[in-house]
Amino acid sequence: MTTTAPQIGKQRKKGRGVLGNTGLYIAVGVAALLFLIPFYLIVRNALSTDLEITGENWKVLPSFQWGNISELFDDPTVDFGRSMINSLLVAVLTTFGTLLVCSLAGYGLARIPYKHANKVFYAVLATLMVPTAVTFVPSFVLVSSLGWVDTYRGLIIPGLFSGFTCFLFRQYFLGFPKELEEAARVDGLGYWGAYWRIVVPNSLNFFAAIATITFISAWNSFLWPLVIGQDPSSWTVQIALSTFMTNQTVNFHLIFMATAISILPLIFVFLFLQRWLVQGIAQTGIKG
Amino acid sequence: MSTTTTRGVAQPAPAKASQARPRRGLRGNATFNFWLFTGPFLIGLAIFVFVPIVWSIWLSFFDARYTVTPSHFIGFDNYKQILTNSEFPDSLVTFTVFAAFIVPTTWALSLGLALLVNRLRFMRAFFRSVFFLPTAVSYVAAALIWKMSIFSGVRFGLANTVIGWFGADTVAWVSNPTPPWYWLVIVTLRLWIQSGFYMILFLAALQNIPTELYEAAAIDGAKKGWQTFRYITLPQLRATSTAVVLLLLIAAYQAFDEFFNLIGQKATWAQTPLMVLYKSALGTSQDYGAGSAGAVVLSVLICLVTLVQGKFMGFGRGDESK
């Protein structure tokens, strides 16, 4: 499906001419520049010396201090490398775990004719009423009594059971073409075999969309890692950034280099997976 | 939504097949398979969602300082304490003010961007990406840029440099407890991060408006621009707008990250509900009873909002998005 009808486009072109279009592009261009300023500031400051950042005269281009990178990773006050590894592990495992657990449940709820399936579905729906952020105190109480504070388990496992993601998968599988599953039936497959051999391989677009959204929200999550990560060894990159900001000694160039590096993985995710991301958001409404 | 639930597979197959295996879909016992598929999720949901909620309701009636297995029952004292202590009611005021700023501005900006991008014919994907890109940035990182570069309170901050050109004095953007400056910082930050996301929703909805409507309006002599926008575009976007407003409200209710990093928990101003909960349960007092009572109150409040949302949207996306 393309944009507005060609007819209307033509009429508009005639009516407004080049001038209207120029105005439109100027407006969009100015808005885009404003949206890009923060990115520019990150890169500029990350490659500057402290003096350039705090100096009186505003310089557009930095002096490209690439040494800031190694200085950041060697900095003894915050173990930034460790926090990047933690974030990567947490985000990747959260994404795989959520996809596995929630997609299976979504399929079961959508497609397996069990007589109490509806009741189970309503129990899942009920959990959508309260966002998990609001219940972080009780979750912390539970996780700390399990002894999971400062562990990967504590960072990852409580976040896997998302009622919303399960709901999205159920809605998706309701619309999955039945003919494909009938083919599986002819081949004598059970539910389990049909799911892995027919349903999943034919749903990779949807899985990619949910995976992208889950990865981003896991990487950017702050409140839960803040609650769980009490020891610096279990900090994610967001906690490390936050600590940098509140430290007594402020090293501007290091802080901005850390910010730049923390954003980099997601910029890649965005550039390469944007198609699925946009599709996922448009399809599912929301996450998060 | 309950009309099309789980019976899909078991519907009678075409004549021959149903002769061979009457009323059966895929091979295997449905009950066993149902629990095989949903079991792991449901067990996790029970442990990590239902148990904590029940536990915290129980804790909220006990004196639970520094312990999660208290024995001293105190009735509604925790509730009395948090509701009479000014911190918690103040945080609800903070939320209300924040929502009053952020909901209309995000709605207007994301709709405006969607309308602009929707009219582009060249470089459309590029501009969409530019507006969407901030969604990738965490609130922590954005707070850092806003606090230490754009709205830094000293001379070299970008905002202070710019207003300096016009001869204005430097402003202490976030460290001044009197509004409105800290609101400017907080609201622009969230606008920057979330507008692109809602723009995508509006773009999807705009492309679902039948072009016949605009053609018919053109025949009827409607002027392009404000008239078609007011009488066609806006009404056609009503379902999406409602959804967006409710989502913005719920997101504002859970605001924590940028407030925590911009304002800080030691400040007396601009403390959101989640920050107050964080301080009471995980700050120096470690009062899980009061923290749980606060969580219960906030949950009940947001349940009400979600129920309203469910009324409007049928627990999920509206019919307009497809």
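No experiment lies behind these values; they were computed from the predicted model shown.

Quick notes on the rules
Residues numbered from 1 in each chain as written. Chains lettered and ligands numbered in written order. Predicted model: local features only at pLDDT ≥ 70, side-chain atom pairs only at ≥ 80, totals over all residues. Helix = DSSP H or I, 4+ residues; strand = E, 2+ residues; numbered from the N terminus. Rg over C-alpha atoms; globule rule 2.2 N^0.38 Å. Buried ≥ 20, exposed ≤ 12 C-beta atoms within 10 Å, placed from the backbone. Contact = placed C-beta atoms within 7 Å. Nonpolar A, V, L, I, M, F, W, Y, C, P; charged D, E, K, R; others polar. pLDDT = per-residue confidence, 0-100. Core = buried A, V, L, I, M, F, W, Y, C linked by C-beta atoms within 7 Å. Domains from an automatic or database assignment. Axes fitted to C-alpha atoms, helices over the stretch in contact; angles between N-to-C directions. Parallel < 35°, antiparallel > 145°, perpendicular 65-115°, else oblique. Left-handed = near helix turned anticlockwise from the far one by under 90°.

I'm lost on the overall build of chain A in this one. Help?
Helix and strand counts for chain A stand at 14 helices and zero strands. In chain A, the order of α-helices and β-strands from amino to carboxyl end is α-α-α-α-α-α-α-α-α-α-α-α-α-α. Against the globule reference of 19 Å for 288 residues, chain A gives a C-alpha radius of gyration of 24 Å, more extended than a compact globule. If one aligns the C-alpha atoms of chain A with their principal axes, the spans along those axes are about 75 × 70 × 35 Å. Residues classed as buried in chain A amount to 44% of the 288 residues present. When contacts within chain A are restricted to residue pairs at least 6 apart in sequence, those whose partners lie at least 24 apart make up 75%.

What is the right way to read the interface of chain B and chain A from this model?
One frequently used descriptor of interface size is the decrease in accessible area upon assembly of the parts. Contact with chain B, which involves 94 residues of that partner, is made by 96 residues of chain A. In terms of residue count, the dominant contributor to the side of chain B that touches chain A is helix α2 (residues 30–59) of chain B (20 residues). Tallied by class, residues from the side of chain B that touches chain A come to 60 nonpolar, 26 polar and eight charged.

Explain the confidence of the model for chain A to me, please; I cannot follow it from the model alone.
Parts of the prediction with low pLDDT should not have their coordinates interpreted in detail. Scored by pLDDT, chain A comes out at a mean of 83, with 90% of its residues at no less than 70. For the stretch residues 1–15 of chain A, pLDDT sits under 50, and the model shows eleven contacts to residues farther than four places along the chain or on other chains.

Is there a simple way to explain the nonpolar core in this structure?
Here is a general trend for soluble globular proteins: nonpolar side chains tend to be buried in one another's company. The biggest cluster of nonpolar side chains holds 167 residues, and the ones touching the most others in it are A142 and F202 of chain B. Of all the elements, helix α8 (residues 181–206) of chain B adds the most residues to this core, at 16 residues. Both domain 1 (6–68) and domain 2 (75–284) of chain A contribute no fewer than three residues apiece to this core. A142 of chain B has contacts with P38 of chain A together with V137, L189, W192, I193 and E258 of chain B, leaving out every residue within four places of it along the chain.

Mind showing me how you'd approach the domain arrangement of chain A here?
Residue and element names in this part refer to chain A. Each assigned domain of chain A is listed here: domain 1 (6–68) and domain 2 (75–284). Its C-alpha centre places domain 1 at a distance of 33 Å from the equivalent point of domain 2. Within the residue set of the side of domain 1 that touches domain 2, elements represented by two or more residues are α1 (6–46) and α2 (50–54). Tallied by class, residues from the side of domain 1 that touches domain 2 come to four nonpolar, six polar and one charged.

I tried to follow the packing of helix α4 (residues 80–111) of chain A against helix α8 (residues 163–174) of chain A on my own but got confused; where do I start?
Geometry of a packed helix pair, given as the angle between the helix axes and the separation of the axes. All names here are of chain A. At a minimum axis separation of 7 Å, α4 and α8 run at an interaxial angle of 50°. For the element pair α4 / α8, the angle class is oblique. Handedness of the crossing formed by α4 with α8: right-handed. Of the residues in α8, those touching α4 at T98, C102, S103, A105, G106, Y107, L109, A110 and R111 are T165, C166, F169, R170, F173 and L174. Class assignment of the residues belonging to the contact of α4 with α8 gives a composition of nine nonpolar, four polar and two charged.

How do you make sense of the environment of F127 of chain B when you look at a structure like this?
Considering the arrangement of structural elements, one finds F127 of chain B in helix α5 (residues 124–132). Residue class for F127 of chain B comes out buried when judged on the 20 C-beta atoms lying within 10 Å of it. Along the primary structure F127 of chain B and V187 of chain B are separated by 60 residues, whereas in three dimensions their C-alpha atoms are 23 Å apart. Not counting chain neighbours up to four residues away, the residues in contact with F127 of chain B comprise V28 and A32 of chain A together with V117 and L120 of chain B.

What exactly am I supposed to notice about the environment of V103 of chain B here?
Residue and element names in this part refer to chain B. Looking at the element boundaries, V103 is found in helix α4 (residues 87–119). Here V103 falls in the partly exposed class, since 18 other C-beta atoms lie within 10 Å of it. C-alpha separation for the pair V103 and P235, spaced 132 residues apart in sequence, amounts to 19 Å.

For this particular structure, what's the right way to read unusual backbone geometry?
For residues besides glycine, phi is generally negative; the peptide bonds are generally trans as well. Even without being a glycine, D150 of chain A presents a positive backbone phi close to 65°. With respect to the element layout, D150 of chain A can be found in the loop between α6 (136–145) and α7 (152–156). Judged by C-beta crowding, with 17 C-beta atoms within 10 Å, D150 of chain A ranks as partly exposed. Phi angles above zero are rare outside glycine, and M123 of chain B is one such case at about 60°. Among the secondary structure elements, M123 of chain B is positioned in the loop between α4 and α5. A tally of 15 C-beta atoms within 10 Å means that M123 of chain B is categorised as partly exposed.

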